[in-house]
Amino acid sequence: MTILLLLLLIPVVLAGVSLAIRSDVWRPWMLVIAAVLHASLVANLWVSDAWPSIGTWLSLDPAGKVVLSLISALFLAASVYAVGYLHRRLERPNRTFVTSLLFFLSATSVVAFSQHFGLLWVALEATTLASAPLLYFNHNSRSLEATWKYLLICSVGIALALLGTFFLAVAETFQGPVESALLLPAMLPRAGSLSVPWLHAAFIFLLVGYGTKMGLAPMHTWKPDAYGEAPGLVGFLLSGVLTSCAFLALVRLTQVCQAAGQMDFARPLFILLGLLSMGVAAVFMLGQTDYKRMLAYSSVEHMGILTLGLGLGGLATYGAWLHMVNNGLAKGVLFLMAGNIHRHYRTKTASEVHGVLHRLPWSGALFMAGFIAITGSPPFGLFMSEFTILRGAIGNGHWGIVAGYLGCLAVIFIGMARIVVPMVFGEPPNDAAASGPKDSFLTTFTPLVLLAAVLVLGLYIPSWLDRALLAAAQLVGGLR
Amino acid sequence: MEHVTQLLLILVILANLFVLGSHPLGACIRAVAFQGIALGLLPLSLHPEERSIHLFVIALGMVGLKGFVIPGLLFRAIRDAAIRKEQEPLIGFNTGLFLGAILVGLGFGIAGKLPLPPHTGSSMVVPVALSTVMMGLLVIVTRAKILSQALGYLILENGIYTFGLILAAGLPGLIEMGVLLDIFAGIFIMGTVIEHIHREFGSISAHKLVNLRE
């Protein structure tokens, strides 16, 4: 219980401290302090195999543990990079930015612990509010436009999820008043007596609402704008951390549907939205000219893959959990390197960027490797997880899904290659004087670690991670 | 109390139609504030047998927040940004009213398909809630001014709150507090962004927000 409270309160306390600090140079270190404390507490959970809880609302289960650990690891990587990044951007005050990042860490941790659908909603809405100021860091008209679209679309989406949550409560109390409505551990044993029409309505609204947050097509329209205009660091946290939290919300919903015996209703919708997201990503990837928006469509694609895995069940669901981890790590490499490239070349238009490998050898190499990883090429972890989902689809005999899945992956590979390869290779432009900062230790070290982690997961999955992922997948009918 | 409930619900619908069919922004904000007050009083007439302190606190909080605080924030945004009062909808006001009427019918149709939950108080709650949600969405997608879009979001929230009323007794107070706090913070941040947009673009028309396109 103490550990749980510390995990939630440390970021909030440090957010208060960072408000009080006057120096823009020293304030970003609060992020590293919070991240290190958070990560060491989470590591302690793994070592001592503890499952802390406060009452019944906040409690760690296998699914929450995987998501919490991913949040913690990615935030640690982001915090070190943030120090290097914010030191380069001292022309902008970073008080709001740092404070919002710390609140974001706290709100996402609440999501991971939440066992109550109402609390889950409150925490996810809080993540939206905490991330809006992050998008607006650059304070120009384009980032403002992106912030407005993000706020409006995500607020409407999350409002529909609230309606879905109310529908779920009606489904639960239809037969008469119940003890502790909307509480997941209490709901699962009595799921058989949920009112089916209301459960179906709840499913659709929650899927649309949390799907908006996750960025599934056709509710993905905020994503290219937000990821395109936000600093690379923020794009990374949204695409790696926030989407994983939204995925967890869909997993909670799936748990209820499964317990109620309604998976026949849920599966086709998951599969449909999953494939649609992959298809939309493939179409928009082909004509893309902006390399940060390209990464946003890549995120839409991977959220589609996760949802597809959830819908297929069995082996594919295990693959989806593995894929969530891989995607988070690989997105870190790509978004952070895109941030470095953007700082140096001062443009987001891919056709104006050449010879990154000459100008920024580390960033160029990591961006290229990140591209190879995210498109699911061996020997990286995403190859393993995408292949696992493919095996799941083949095992079920869904040949149409297999064809659509492979087709989209191939188109996206080609689309991304056409953008990334000319950027990384080729002759750099001659205006060396106009160029921005070079690579530094702080802005390349953690992406290197993230890439190494994706590589390791492609070659060998440690048994402790394998057990944890399997336990999380088994909550929603996954197996290996 | 059944009559009072029905009266309040009809007022909610009328406020929606007023926003869909009227020009000045200030009048629309007042209509939504009025809607908020009607909604704040609804739990008292819906659950007359369980008028607990809990229920009174919710009612008071809702009337204060939706009836006064949030409209106040929006009026401040109008004043600070010196916004012109016309709304510039993308569809005509008559078309808006017509679509609104269709959505009311649709709300009743959808609600008829779902079994009526017990203890609803009035059979009109669910259809009114659903049609308010849909009309809120309609306002969001058909208004050019971002302040009107924020107003549409408020209507959408009011619809969801109406639905939540049939659960009022079953939901833990802490969750309600969290929901209210989030909505308030959301509107507050929207207001701030609106101010920034006005400063940056010299206008709060969403037509100006077209830099980011495929």
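To start, this report covers the structure provided alongside it. Sequence order as written defines the numbering, with residues in each chain counted from 1. Whichever chain is written first becomes A and whichever ligand is written first becomes 1, with later ones labelled in order. Totals for whole chains, interfaces and linings use all residues, but because this is a predicted model, local features are given only for residues with pLDDT of at least 70 and pairs of side-chain atoms are given and counted only at 80 or more. Only hydrogens and water are set aside; all other atoms, that is, all heavy atoms of the structure, feed into the side-chain values.

### Quick notes on the layout of surface pockets
Residue and element names in this part refer to chain A.
Argument step 1. Only protein atoms enter the 1 Å grid, on which a cavity is a set of points fitting a 1.4 Å probe that cannot get out and a pocket is an open set with protein on both sides within 12 Å along at least 5 of 7 lines, lining residues being those with an atom within 4 Å of a point. Grid points are joined across faces, edges and corners, and a volume is the space filled by probe spheres set on the points. Each pocket or cavity is described by its volume, and for the second largest pocket that value is around 640 Å³.
Argument step 2. Ser-69, Leu-70, Ala-73, Leu-329 and Trp-464 are, among the 23 residues lining the second largest pocket, the residues nearest its centre.
Argument step 3. The way it works is that DSSP assigns letters per residue, a run of H or I at least four long becomes a helix, a run of E at least two long becomes a strand, and they are numbered from the N terminus. Among the secondary structure elements, those contributing two or more residues to the lining of the second largest pocket are α2 (29–48), α3 (62–88), α13 (315–345), α18 (441–459) and α19 (463–474).
Argument step 4. The biggest single contributor to the lining of the second largest pocket is α3, with 8 residues.
Argument step 5. In the scheme used here, Gly and all other residues not listed as nonpolar or charged are polar, with Ala, Val, Leu, Ile, Met, Phe, Trp, Tyr, Cys and Pro taken as nonpolar and Asp, Glu, Lys and Arg as charged. Counted by class, the lining of the second largest pocket contains 20 nonpolar, 3 polar and no charged residues.

### As for the side chain of Thr165(A)
Residue and element names in this part refer to chain A.
Argument step 1. For Thr-165, the position within the fold is in helix α6 (residues 141–173).
Argument step 2. Each polar contact in these results corresponds to two N or O atoms within 3.5 Å; when the atoms are within protein, one needs to be able to donate a hydrogen and the other to accept it, and residues that are neighboring in sequence are counted only if both atoms are side-chain atoms. A distance of 2.8 Å separates a polar atom in the side chain of Thr-165 from the backbone oxygen of Ala-161.
Argument step 3. Note on definitions: a residue-residue contact is assigned when non-hydrogen atoms from the two residues lie within 4.5 Å. Residues in contact with Thr-165, not counting those within four places in the same chain, are Phe-117, Gly-118, Leu-182, Leu-206 and Tyr-210.

### Here's the deal with the interface of chain B and chain A
Argument step 1. Facing the 44 residues of chain B at the interface are 47 residues of chain A.
Argument step 2. Buried area: the accessible area, evaluated with a 1.4 Å probe, that two parts lose upon being put together, summed over both parts. Across the chain B/chain A interface, buried area totals approximately 4000 Å², and carbon plus sulfur atoms make up 79% of it.
Argument step 3. Within this document, salt bridges are pairs made up of a side-chain nitrogen of Lys or Arg and a carboxyl oxygen of Asp or Glu, the two lying within 4 Å of each other. At the junction of chain B and chain A, the tally comes to 0 salt bridges.
Argument step 4. When contributions to the side of chain B that touches chain A are tallied by element, the ones reaching two or more residues are α5 (125–142), α6 (146–164) and α7 (173–201) of chain B.
Argument step 5. When residues of the side of chain B that touches chain A are assigned to their parent elements, the largest contribution, 15 residues, is made by α7(B).
Argument step 6. Partitioning the side of chain B that touches chain A into residue classes produces 33 nonpolar, 6 polar and 5 charged.

### Topic: the packing of aromatic side chains
All names here are of chain A.
Argument step 1. Note on aromatic pairs: the rings of Phe, Tyr and Trp (six-membered ring only in Trp) are paired at centre separations within 6.5 Å, and the planes decide the class, stacked below 30 degrees, edge-to-face beyond 60, tilted for the rest. For the coordinates displayed, the defined rule picks out 18 aromatic pairs over all chains.
Argument step 2. A ring pair is formed by Tyr-85 and Phe-137, whose centres lie 6.2 Å apart and whose planes are at 50°; its orientation type is tilted. Of the two residues, Tyr-85 is situated in helix α3 and Phe-137 in the loop between α5 (117–135) and α6; the sequence distance between them amounts to 52 residues.
Argument step 3. Remark: exposure states derive from per-residue accessible area (1.4 Å probe, protein chains only) relative to the maximum for the residue type, with buried under 20%, exposed over 50%, and partly exposed in between. The exposure class assigned to Tyr-85 is buried, which follows from its relative accessible area of 4%.
Argument step 4. One aromatic cluster in this structure is built from Tyr-81, Tyr-85, Phe-97 and Phe-137.
Argument step 5. Placement of a positive charge over a ring is assigned whenever Lys NZ or Arg CZ falls within 6 Å of the ring centre and within 35 degrees of the normal to the ring plane. Stacked on the ring of Trp-51, the Lys or Arg Lys-65 has its end atom at 4.4 Å from the ring centre.
Argument step 6. Looking at Arg-480, its charged tip hangs above the ring of Tyr-318, at a distance of 5.6 Å from the centre.

### Looking at the packing of helix α12 (residues 291–312) of chain A against helix α16 (residues 381–395) of chain A
Geometry of a packed helix pair, given as the angle between the helix axes and the separation of the axes.
Residues and elements named next belong to chain A.
Argument step 1. Packing of α12 against α16 brings their axes to within 10 Å, and their N-to-C directions diverge by 40°. Judged on the interaxial angle alone, α16 and α12 are oblique. Here the hand of the crossing between α12 and α16 comes out left-handed. Where α12 approaches α16, its residues Glu-301, His-302, Ile-305, Gly-309 and Leu-312 are matched on the opposing element by Leu-382, Glu-386, Ile-389 and Ala-393.
Argument step 2. For the contact of α12 with α16, the class distribution of residues is 5 nonpolar, 2 polar and 2 charged. Only C-alpha atoms enter the line fits that serve as axes; for helices the fit covers just the stretch in contact. Angles between N-to-C directions range over 0 to 180 degrees. The labels follow the angle: roughly parallel below 35 degrees, roughly antiparallel above 145, roughly perpendicular from 65 to 115, and oblique for the rest. Should the near helix be turned anticlockwise from the far one by less than a right angle, the crossing is left-handed, and should it be turned clockwise, the crossing is right-handed.

### Notes on the side chain of Ser298(A)
Residues and elements named next belong to chain A.
Argument step 1. Relative to the elements of secondary structure, Ser-298 occurs in helix α12.
Argument step 2. Residue classification places Ser-298 among the buried positions, given a relative accessible area of 0%.
Argument step 3. Ignoring anything within four residues of it in the chain, the contact list for Ser-298 reads Met-285, Lys-331, Ile-374 and Met-416.

### Quick word on the packing of helix α15 (residues 361–374) of chain A against helix α17 (residues 399–424) of chain A
All names here are of chain A.
Argument step 1. Here α15 crosses α17 at 170°, and the two axes come no closer than 10 Å. By the angle between their directions, the pair α15 and α17 is classed as roughly antiparallel. Touching Gly-364, Phe-367, Met-368, Phe-371 and Ile-374 of α15 are Phe-413, Met-416, Ala-417, Val-420, Val-421, Met-423 and Val-424, all from α17.
Argument step 2. Here the residues of the contact of α15 with α17 are counted per class, giving 11 nonpolar, 1 polar and no charged.

### With respect to α19(A)
All names here are of chain A.
Argument step 1. Multiplying 1.5 Å by the residue count of a helix minus one yields the expected span of that helix. Between the first and last C-alpha of α19 there are 16 Å, a value that for 12 residues agrees with the 16 Å anticipated at 1.5 Å per step.
Argument step 2. Every buried residue belonging to α19 is among Leu-465, Asp-466, Ala-468, Leu-469, Leu-470, Ala-472 and Ala-473, and all of these are buried.
Argument step 3. Next to the buried residues of α19 lie α2, α3, α13 and α18.

### Brief notes about the nonpolar core
Argument step 1. By nonpolar core we mean a set of buried residues, namely Ala, Val, Leu, Ile, Met, Phe, Trp, Tyr and Cys, connected to one another through side-chain atoms within 4.5 Å. In this structure, Trp148(A), Tyr210(A), Trp321(A), Phe367(A) and Phe163(B) are the most contacted members of the largest nonpolar core, which totals 239 residues.
Argument step 2. Apart from residues no more than four positions distant in its own chain, Tyr210(A) is found in contact with Phe117(A), Leu120(A), Trp121(A), Leu124(A), Ile158(A), Ala161(A), Thr165(A), Ala246(A), Ala249(A) and Leu250(A).
Argument step 3. Counting 14 residues, the second largest nonpolar core, distinct from the first, contains Ile271(A), Met278(A), Ala316(A) and Leu409(A).

### As for the pattern of salt bridges
Residue and element names in this part refer to chain A.
Argument step 1. By the definition in use, this model includes 12 salt bridges over all chains.
Argument step 2. Between Glu-91 and Arg-89 there is a salt bridge, with its nearest N and O atoms 2.9 Å apart.
Argument step 3. Glu-229 is paired through a salt bridge with Arg-142; the nearest N and O atoms lie 3.2 Å apart. Placement of the pair is Glu-229 in helix α9 (residues 222–229) and Arg-142 in helix α6, with a sequence separation of 87 residues.
Argument step 4. Of the residues examined, Glu-229 reaches a relative accessible area of 8% and is grouped as buried.
Argument step 5. For Arg-142, a relative accessible area of 33% puts it in the partly exposed group.
Argument step 6. Here the salt bridges share partners, and the residues they tie into one network are Arg-142, Glu-229, Asp-290 and Lys-348.

Read these as layout, nothing more, since geometry by itself doesn't imply function.
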